[in-house]
Amino acid sequence: MRDVLDELTKHWEAGEAVGMGTVVATFKSAPRQPGAAMLVTSGGEAIGSVSGGCVEGAVYEQATQVLEGAAPVLQRYGVSDDDAFAVGLTCGGIIDIFVERVDQQSFPELGEVAAAVRAKEPVAVATVVEHPDPGRVGARMVVWPDRTSGSLGNDRIDDAVTDDARGMLASGRSGALEYGTSGQRRGEGLRVFVNSFEPPPRMLVFGAIDFASAMARMGSFLGYHVTVCDARPVFATSSRFPGVDEVVVDWPHRYLAAEAEAGRLDSRTAVMVLTHDPKFDVPVLERALRMDLGYVGAMGSRRTHEDRLRRLREQGLTEEELARLASPIGLDLGARTPEETAVSIAAELIALRWGGSGARLSATNGPIHHHS
């Protein structure tokens, strides 16, 4: 829903209803992840995507029906011999899509959810997508770290979903949960989709050089909150890095330590050290490699890399800690320009996140999409 949240909120604030289809589960080579959504407005406009084009037509029809008063529905789409090119997924995957009507009556908390997302505060939306009692389908509860709003039926269900939703929110995951109809954790019959809106992950780019500018733009494109940091004020300026979330003048190691102390870094944080200067990169890498971060990479030649490892060993880093360093940074794409280098680094980030090999798909077998 994040990808259509602004449009959804605009229609909601205007008092207009929309039909919304949301991916709640995927299997095999599905094209979109849980949480991807598509809207259909009362004027017939389609916004967003749930499958990259495979089943949008069928979802459009169902969204139109719920706008006209039909009950919300959970529909599975996959390949079959009869209709693979009609409403199936030609990619070979399977997706479950929940289609519902959204307006101020059915989702009174949407304004608060949108405000939390804009403020980069964590919030999760839990929706009943399957239940033996059709009247319970579509029930919704909003879960913040410190409070909840709404109910899914009774206190036992609400308590179980609240605990699980907060766990998913902390790890940035969205997905479907199964319970017994009374909230039993090992039961079945009740299916709840939890859509997590965690704050965007951080990307810290150290070194205000031309490669940093390209990397910052790529990080923003990938959905990171990007900070460029350099101790040299003549280079670390907003005019040299337009569109970046933050430009900070500080010593890299000092800024990293302060952000960690403030609790603003986590296991999704990506750190890029692009300075090429030992007095900047060794102190910040020494600290970064001892933290629980998602990615730590450093730019430089293989000779620079060996010298950097020697200096880091002298600072007491273990071989296990050094093994976490992505250096030379990026995948072997033959990149030369700053923009090409940013693509190679982004490719490495994506491959590490999803377990990809970095090989050409035409030279591999098995699933195209990986799941972490």
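Each value, and the rule that gives it
Residues numbered from 1 in each chain as written. Predicted model: local features only at pLDDT ≥ 70, side-chain atom pairs only at ≥ 80, totals over all residues. Heavy atoms only, no water. Helix = DSSP H or I, 4+ residues; strand = E, 2+ residues; numbered from the N terminus. Rg over C-alpha atoms; globule rule 2.2 N^0.38 Å. Buried < 20%, exposed > 50% of the residue type's maximum accessible area, 1.4 Å probe, protein only. Contact = heavy atoms within 4.5 Å. Areas by Shrake-Rupley, 256 points an atom, 1.4 Å probe, with all protein chains shown as cover. Lys, Arg positive; Asp, Glu negative; His and termini not counted. Charge placed at Lys NZ, Arg CZ, Asp CG, Glu CD. Pairing = 2+ DSSP bridges. Axes fitted to C-alpha atoms, helices over the stretch in contact; angles between N-to-C directions. Parallel < 35°, antiparallel > 145°, perpendicular 65-115°, else oblique. Left-handed = near helix turned anticlockwise from the far one by under 90°. Nonpolar A, V, L, I, M, F, W, Y, C, P; charged D, E, K, R; others polar. UniProt positions renumbered as here; feature names shortened; annotations may be inferred. Polar contact = N/O pair within 3.5 Å; in protein donor to acceptor, adjacent residues only side chain to side chain. Phe/Tyr/Trp six-rings, centres within 6.5 Å; stacked < 30°, edge-to-face > 60°. Lys NZ or Arg CZ within 6 Å of the ring centre and 35° of its normal.

- Named according to an unreviewed UniProt entry, the protein is XshC-Cox1 family protein originating from Saccharopolyspora rectivirgula.

## Re the overall build of the protein
For step 1, the next point in the chain: Summing up its helical and strand segments, the protein has ten helices and 16 strands in all.
For step 2, the next point in the chain: Over its C-alpha trace the protein gives a radius of gyration of 23 Å, about what one expects of a compact globule, namely 21 Å for 372 residues.
For step 3, the next point in the chain: The buried share of the protein, taken over its 372 residues, is 47%.
For step 4, the next point in the chain: A sequence separation of at least 24 residues applies to 57% of the contacts in the protein between residues at least 6 apart.
For step 5, the next point in the chain: A total of about 17900 Å² of accessible surface is found on the protein, and carbon and sulfur atoms cover 49% of it.
For step 6, the next point in the chain: Positive and negative side-chain charges of the protein, numbering 37 and 51 respectively, have mean locations separated by a distance of 7 Å.

## Here we look at the sheet that holds strand 6 (residues 123-130)
For step 1, the next point in the chain: Sheet architecture is open: five strands sit in the order 8-7-6-10-9, paired in antiparallel fashion. Lying at the two open borders of the sheet, with one neighbouring strand each, are strand 8 (148-150) and strand 9 (175-180). When the angles between neighbouring strand axes are averaged without regard to direction, this sheet yields 25°.
For step 2, the next point in the chain: Two strands pair when backbone bridges link them, and strand 6 and strand 7 (residues 140-143) are joined in this way by four bridges, in the antiparallel orientation. What sits directly across from Val125, in strand 7, is Val142.
For step 3, the next point in the chain: Strands strand 6, strand 7 and strand 10 (189-197) of the sheet are contacted by helix 3 (residues 110-118), whose axis makes an angle of about 135° with strand 6.

## As for the packing of helix 5 (residues 210-221) against helix 10 (residues 338-354)
For step 1, the next point in the chain: Across the interface, helix 5 lies against helix 10 with an axial gap of 8 Å and an inter-helix angle of 50°. Viewed along their axes, helix 5 and helix 10 adopt a mutual orientation that is oblique. In this structure, the crossing between helix 5 and helix 10 has a hand that is right-handed. Seen from helix 5, the contacting residues are Asp210, Phe211, Ala214, Met215, Arg217 and Met218; seen from helix 10, they are Pro338, Glu339, Thr341, Ala342, Val343, Ile345 and Ala346.
For step 2, the next point in the chain: Looking at the contact of helix 5 with helix 10 residue by residue, the class counts come to nine nonpolar, one polar and three charged.

## Here we look at the UniProt feature "domain: XdhC Rossmann" (unreviewed entry) in the protein
For step 1, the next point in the chain: Mapped onto the present numbering, the UniProt feature "domain: XdhC Rossmann" (unreviewed entry) falls on residues 203-349.
For step 2, the next point in the chain: Segment residues 203-349 splits into 42% helix and 16% strand. End C-alpha atoms: 11 Å apart.

## Topic: the packing of helix 6 (residues 252-261) against helix 7 (residues 278-288)
A pair of packed helices can be characterised by two numbers: the angle between their axes and the separation between those axes.
For step 1, the next point in the chain: For the pair helix 6 and helix 7, interaxial distance at closest approach is 8 Å and the crossing angle is 20°. Overall, the two elements helix 6 and helix 7 adopt an arrangement that is roughly parallel. When the axes of helix 6 and helix 7 are compared, the crossing they make is right-handed. Across from Pro252, His253 and Leu256 in helix 6, the residues of helix 7 making contact are Phe280, Pro283, Val284, Arg287 and Ala288.
For step 2, the next point in the chain: Across the contact of helix 6 with helix 7, the residue classes break down as six nonpolar, one polar and one charged.

## A word on the side chain of His225
For step 1, the next point in the chain: Its location among the elements puts His225 in strand 12 (residues 225-230).
For step 2, the next point in the chain: Accessibility expressed as a relative area gives 14% for His225, which makes it buried.
For step 3, the next point in the chain: A polar contact of 3.3 Å, which involves the side chain of His225, links it to the side chain of Glu246.
For step 4, the next point in the chain: The contact partners of His225, leaving out residues within four places of it in the chain, are Lys120, Pro200, Pro201, Arg202, Met203, Asp245 and Glu246.

## A short note on unusual backbone geometry
For step 1, the next point in the chain: In the segment running from Ser327 into Pro328, the intervening peptide bond is cis, with an omega of -5°.
For step 2, the next point in the chain: Of note, Lys120 is a non-glycine position whose phi angle comes to about 60°, a positive value.
For step 3, the next point in the chain: In this fold, Lys120 is placed in the loop between helix 3 and strand 6.
For step 4, the next point in the chain: In this structure Lys120 comes out as partly exposed when scored by relative accessible area, which is 37%.
For step 5, the next point in the chain: The phi angle at His276 is positive, at roughly 65°, despite the residue not being glycine.

## Description of the packing of aromatic side chains
For step 1, the next point in the chain: Considering all chains together, one arrives at one aromatic pair under this definition.
For step 2, the next point in the chain: Geometry around Phe107 places Arg140 over its ring, the cationic atom sitting 4.2 Å from the centre.
For step 3, the next point in the chain: Above the ring of Trp144, the side-chain terminus of Arg147 is found at 3.6 Å from the ring centroid.

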